[in-house]
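Commentary on secondary and tertiary structure
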Amino acid sequence: MNARAPKGTADMLPGVARAWEHMTRVAQDLFARYGYEPIYTPLFEHTEVFTRGIGEATDIVAKEMYTFEDKAGRSLTLRPEGTASVVRATLEHTLVPQGSSAKLYYAGPMFRYERPQKGRMRQFWQIGVEALGSAEASVDAEVITLLVRYFEALGVPGERMTLLVNSMGDEACRPAYRDTVAAFIRGHAADLCDECKRRADTNPLRAFDCKNPGCAATMADAPVLRDELCDECAAHYAAVKVHLDALGIAYIEEPKLVRGLDYYTRTVFEIQAEGLGSQNAIGGGGRYDRLMQEYGGPATPGLGFALGFERTLLALESAGVETPAPARADVYVARVDDSVSEAVFGLVQALRDDGIAAEMDHQARSLKSQFKQADRLGTRVVLVLGPDEFAAGEVTLRDMNTKEETRVEIATAAEAVRATLG
Ligand code: AMP
């Protein structure tokens, strides 16, 4: 048997899993302040949900999906991202009846068959929000601000983050722009890679994302959509910027930011962080006003973002920020000899029932080794129970910070521990 996790996946060992839990907790607290509610959708969907929503010609759909047939011959796909599923669920359960709105957030694993490298996995973890039902520019600014505030709340230093914003236009102005870019690609075919040349026919805007230095240099001279936005899109984009300016959110306009999914309309944005190498986008998103109609639903504007856990952790590590790692136990109950084993077992349970994180030895360790284990666990208090203490109905409480020892009654040990913990 191959005992290694599949390529591009990683076990979340306790240190990293704790960081994930911390990140989801911070998200829950912060997102609630902005009115978001949790939603959990299945990890797989009918393949169509992604092919129709994300777009056949995108890298995700064309190359990266984990698609399989179930035993009944249905084509199913492990979700490569969260938005398509949330919009599908919103439609199925009529979460946004005409004229209303919903704010939803999710957290969980996503799956893309990509070439693994630093910050790029085949199973990775995302946290995301979707704000459905509003076409107003103020909600674009609110969602962007929430993403910035979230990274700040985690401790990513502001000076190590760059917020990029752009408008991708809509069905009124983007088709003509796509043709313009396709013509540009054909006119510069000699300077572009084969993939970019093919993109002229399939998805010309993706040529802006090509990592090939020659292509990047050539595409730098391509016409930008900002200059060709229709009046409505231009006004919307201007209003988003006014709202961001009003809040003092720093951003850079990046006319070449196109992001890899077809469903985006108008506002798109991305936050890049230092210290990650080429996979430096820690989160991003955009508006998708036509996605619900793509699924046969009523016109329902919406936008959202998704941020990646692994890359956010890399950003925190490279900035020297430690994610909080709470002590695994507050109190360790040590046993002097076997005569008090059952009393120790009972005391640990009583402390836990009282809401205190308590631990004891289950491996017949010596008293000295029990103290060492308490050290490893980082407990602030050790309670030592020996036959003498037990006979007197007491236990010795050792404050591991001050090294002071006091005898306390077993019956009130929880109170004494709490007083020491402060
Ligand atoms: P996207 O859904 O492509 O807009 O990605 C949103 C965020 O998810 C990115 O900014 C990354 O932080 C993260 N992400 C996307 N793809 C991967 C991947 N293959 N491995 C790790 N993180 C990823």
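Residues numbered from 1 in each chain as written. Predicted model: local features only at pLDDT ≥ 70, side-chain atom pairs only at ≥ 80, totals over all residues. Heavy atoms only, no water.

Residues Leu43, Phe44 and Phe68 make up a contiguous nonpolar surface patch of about 260 Å² in total accessible area. Along the chain, the position of Leu43 falls in the loop between strand 1 (37–38) and strand 2 (44–46). For Leu43, a relative accessible area of 37% gives the class partly exposed. (Patch = residues over 30% accessible without salt bridge, like charges linked within 9 Å, V, L, I, M, F, W, Y side chains within 5 Å. Areas by Shrake-Rupley, 256 points an atom, 1.4 Å probe, with all protein chains shown as cover. Salt bridge = Lys/Arg side-chain N within 4 Å of Asp/Glu carboxyl O. Helix = DSSP H or I, 4+ residues; strand = E, 2+ residues; numbered from the N terminus. Buried < 20%, exposed > 50% of the residue type's maximum accessible area, 1.4 Å probe, protein only.)

With that settled, consider the site of the ligand. Neighbouring the ligand are 14 residues; Arg112, Glu114, Met121, Gln126 and Arg259 lie closest to it. Arg259 is positioned with one of its side-chain polar atoms (N or O) 2.3 Å from an oxygen atom of the ligand. Within the backbone of Gly283, a nitrogen or oxygen atom sits 3.2 Å from an oxygen atom of the ligand. At the level of elements, strand 6 (123–132), strand 10 (281–287) and strand 11 (302–308) are the ones that each hand at least two residues to the shell around the ligand. (Near = heavy atom within 4 Å. Polar contact = N/O pair within 3.5 Å; in protein donor to acceptor, adjacent residues only side chain to side chain.)

Of all 10 residues that make up strand 5 (residues 102–111), 9 are buried, and the element is covered over most of its length. The sheet contact formed by strand 1 and strand 5 spans 2 bridges and is parallel. Across the sheet, the residue bridging to Pro38 is Tyr105, located in strand 5. Note that strand 5 and strand 6 share 10 bridges and pair antiparallel. Within the sheet, the bridge partner assigned to Pro109 lies in strand 6 and is Trp125. (Pairing = 2+ DSSP bridges.)

The topology assignment puts Thr396 in strand 15 (residues 394–399). The spatial distance from the C-alpha of Thr396 to the C-alpha of Val333 is 9.7 Å, given a sequence separation of 63 residues. In this structure, Thr396 is in contact with Val382, Leu383, Val384, Glu389, Glu405, Thr406 and Arg407, ignoring residues within four places of it in sequence. In this structure the side chain of Thr396 is engaged in a polar contact, spanning 2.8 Å, whose partner is the side chain of Glu389. (Contact = heavy atoms within 4.5 Å.)

Before going further, it helps to spend a moment on the pattern of salt bridges. Scanning all chains against the criterion turns up 28 salt bridges. Between Asp140 and Arg287 there is a salt bridge; the shortest N-O distance is 2.6 Å. With Asp140 in helix 5 (residues 137–154) and Arg287 in strand 10, this residue pair connects regions lying 147 residues apart in the sequence. Residue classification places Asp140 among the buried residues on the basis of a relative accessible area of 0%. A relative accessible area of 0% means that Arg287 is categorised as buried. A salt bridge links Lys241 to Glu253, with the nearest nitrogen and oxygen atoms 3.1 Å apart. On the criterion of sequence distance, the pair formed by Lys241 in helix 9 (residues 231–247) and Glu253 in strand 8 (residues 252–253) is long-range, its members being 12 residues apart.

We now examine the domain arrangement of the protein chain. In terms of domain boundaries, the protein chain breaks down into domain 1 (14–170 + 229–318), domain 2 (174–222) and domain 3 (331–421). Taken together, the 14 residues of domain 1 in the interface contact 14 residues of domain 2. Scanning the region where domain 1 abuts domain 2 turns up 2 salt bridges. Across the pair Arg206 and Asp59 runs a salt bridge, and its minimum N-O distance is 3.1 Å. Our enumeration of links across domain 1 and domain 2 arrives at 5 residue pairs in polar contact (both at pLDDT 80 or more). In the side of domain 1 that touches domain 2, the residues fall into 4 nonpolar, 4 polar and 6 charged. (Domains from an automatic or database assignment. Nonpolar A, V, L, I, M, F, W, Y, C, P; charged D, E, K, R; others polar.)

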